[in-house]
Amino acid sequence: PIVNLVVAEKYGPVFETEDIADVWLRTLPVMTTFTAERVAYVNALKLVPISECATTDNPYREWIGAQIRADMWGWLACGNPSLASQYAWRDARLSHTRNGIYGEMFFAAAIAVAAVSEDLEHILTTALKVVPGESRFVKSIMSAMAIARDNGDWETVVDRLYVEHADLFWVHTINNAALVTAALIHGNGDFESTICSVVMGGWDADCNGATAGSILGTMKGKGALPAKWIGPLNNCLRSSVTGFDNSAFDRLAVRTSLLHKTFSTHNRKEMVQ
């Protein structure tokens, strides 16, 4: 979210994939990138065309890296899942293809809907509409929702998902997106239960906890979040992004809110034109 905050502040609503690459190279230390992102980063340094950075020597292009970059685009398009997914597509295509892109589009859309709805079924089914309906991604998300509805025991849900996605690597987009989706449905809006369940589920546990927490945090707002999860952070975030170490969460929230107003104004003008 911090990297994409920089993108949004520097380039505004008309940012392009080339602008994402520019911010990466200027603010991200290369050794803090991994798999698909590191490949795209190195490709950009080699002046590989931006449209080819995701496909050149990149066996990781359907892994989870883009999916975990979704948050800012949902926050900047509150209530507009289609627009959130468009922003996410511009971001994801730098390093990912197909299902790797769909994960970021889906969760950006879900976060956008979570800003205006507390119905998790509605949030997730609405977000699915931005992804190609015949994709493996959509089929896996729908299956995960059904598994979570049909099983009251979380360990049974996880076991079912592990069987269903046994052919995928532990940081692939599809299986992790399915696990987050199942935890959201199973947790039924309970913040602590949801993030604990999804982390217990394994695979890319830290990323999944963050994505589930982002959706529920957006849906509920700060005032509804358990103090024991917020207090220990002391309103301080450590970051390797240039200029952002020891940032205050509330200041980042203010900057994001101001950006949302800027993006909303721009989009209303675009619709009028």
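Residues numbered from 1 in each chain as written. Predicted model: local features only at pLDDT ≥ 70, side-chain atom pairs only at ≥ 80, totals over all residues. Heavy atoms only, no water.

Engineer: Any chance you could explain the overall build of the chain here in plain terms?
Structural biologist: Summing up its helical and strand segments, the chain has 14 helices and zero strands in all. Counted from the first residue to the last, the chain has its helices and strands arranged as α-α-α-α-α-α-α-α-α-α-α-α-α-α. Taking the principal axes of its C-alpha atoms as reference, the chain extends roughly 50 × 45 × 40 Å. Across the 273 residues that make up the chain, the buried fraction comes to 55%. Accessible surface for the chain amounts to roughly 12500 Å². Of this, 56% is attributable to carbon and sulfur atoms. Separation between the mean location of the 23 positive side-chain charges and that of the 29 negative ones in the chain comes to 6 Å. (Helix = DSSP H or I, 4+ residues; strand = E, 2+ residues; numbered from the N terminus. Buried < 20%, exposed > 50% of the residue type's maximum accessible area, 1.4 Å probe, protein only. Areas by Shrake-Rupley, 256 points an atom, 1.4 Å probe, with all protein chains shown as cover. Lys, Arg positive; Asp, Glu negative; His and termini not counted. Charge placed at Lys NZ, Arg CZ, Asp CG, Glu CD.)

Engineer: Would you mind showing me how to read the state of the cysteines here?
Structural biologist: Working definition of a disulfide: a covalent bond connecting the sulfur atoms of two cysteines. In the structure shown here, the tally under the stated rule is zero disulfides. Residue Cys 196 stays outside any disulfide, its sulfur separated by 17 Å from that of Cys 207, the closest cysteine. (Disulfide = S-S within 2.5 Å.)

Engineer: Help me understand the side chain of Ser 135 in this model?
Structural biologist: With respect to the helices and strands, Ser 135 occurs in the loop between helix H7 (120–128) and helix H8 (136–150). Polar contacts involving the side chain of Ser 135 include one to the main-chain carbonyl oxygen of Pro 132, which spans 2.7 Å. A polar contact of 3.2 Å, which involves the side chain of Ser 135, links it to the backbone nitrogen of Val 138. (Polar contact = N/O pair within 3.5 Å; in protein donor to acceptor, adjacent residues only side chain to side chain.)

Engineer: Sorry, what's going on with helix H5 (residues 81–92) here?
Structural biologist: Residues separated by three or four positions in an α-helix point in the same direction, a consequence of the helix having 3.6 residues per turn. Its 12 residues give H5 an end-to-end C-alpha distance of 16 Å, which sits within 8% of 16 Å, the value for a rise of 1.5 Å per residue. Most of H5 sits out of view: nine of its 12 residues are buried. Those residues of H5 that sit buried are Pro 81, Leu 83, Ala 84, Ser 85, Tyr 87, Ala 88, Arg 90, Asp 91 and Ala 92. (Expected span 1.5 Å × (residues − 1).)

Engineer: Help me understand the packing of helix H11 (residues 191–200) against helix H12 (residues 205–220), please; the structure alone is not making it clear to me.
Structural biologist: If you want to describe how two helices pack, look at the angle between their axes and the distance between the axes. Running from N to C, H11 and H12 point in directions that differ by 160°, and their axes come no closer than 8 Å. What the angle tells us is that H11 and H12 run roughly antiparallel. Considering only the axes of H11 and H12, their crossing is right-handed. Contact residues: H11 offers Phe 191, Thr 194, Ile 195, Val 198 and Val 199, while H12 offers Ala 205, Asn 208, Gly 209, Ala 212, Gly 213, Leu 216, Gly 217 and Lys 220. Looking at the contact of H11 with H12 residue by residue, the classes come out as seven nonpolar, five polar and one charged. (Axes fitted to C-alpha atoms, helices over the stretch in contact; angles between N-to-C directions. Parallel < 35°, antiparallel > 145°, perpendicular 65-115°, else oblique. Left-handed = near helix turned anticlockwise from the far one by under 90°. Contact = heavy atoms within 4.5 Å. Nonpolar A, V, L, I, M, F, W, Y, C, P; charged D, E, K, R; others polar.)

Engineer: Quick question: what am I supposed to make of the environment of Thr 256 here?
Structural biologist: Mapped onto the fold, Thr 256 is located in helix H14 (residues 249–272). When its relative accessible area of 13% is taken as the criterion, Thr 256 is described as buried. Each C-alpha atom of the pair Thr 256 and Trp 75 lies 7.6 Å from the other, and the pair is 181 residues apart in sequence. Those residues within four positions of Thr 256 in sequence are excluded, and the remaining contacts are Leu 5, Met 72, Trp 75 and Leu 76.

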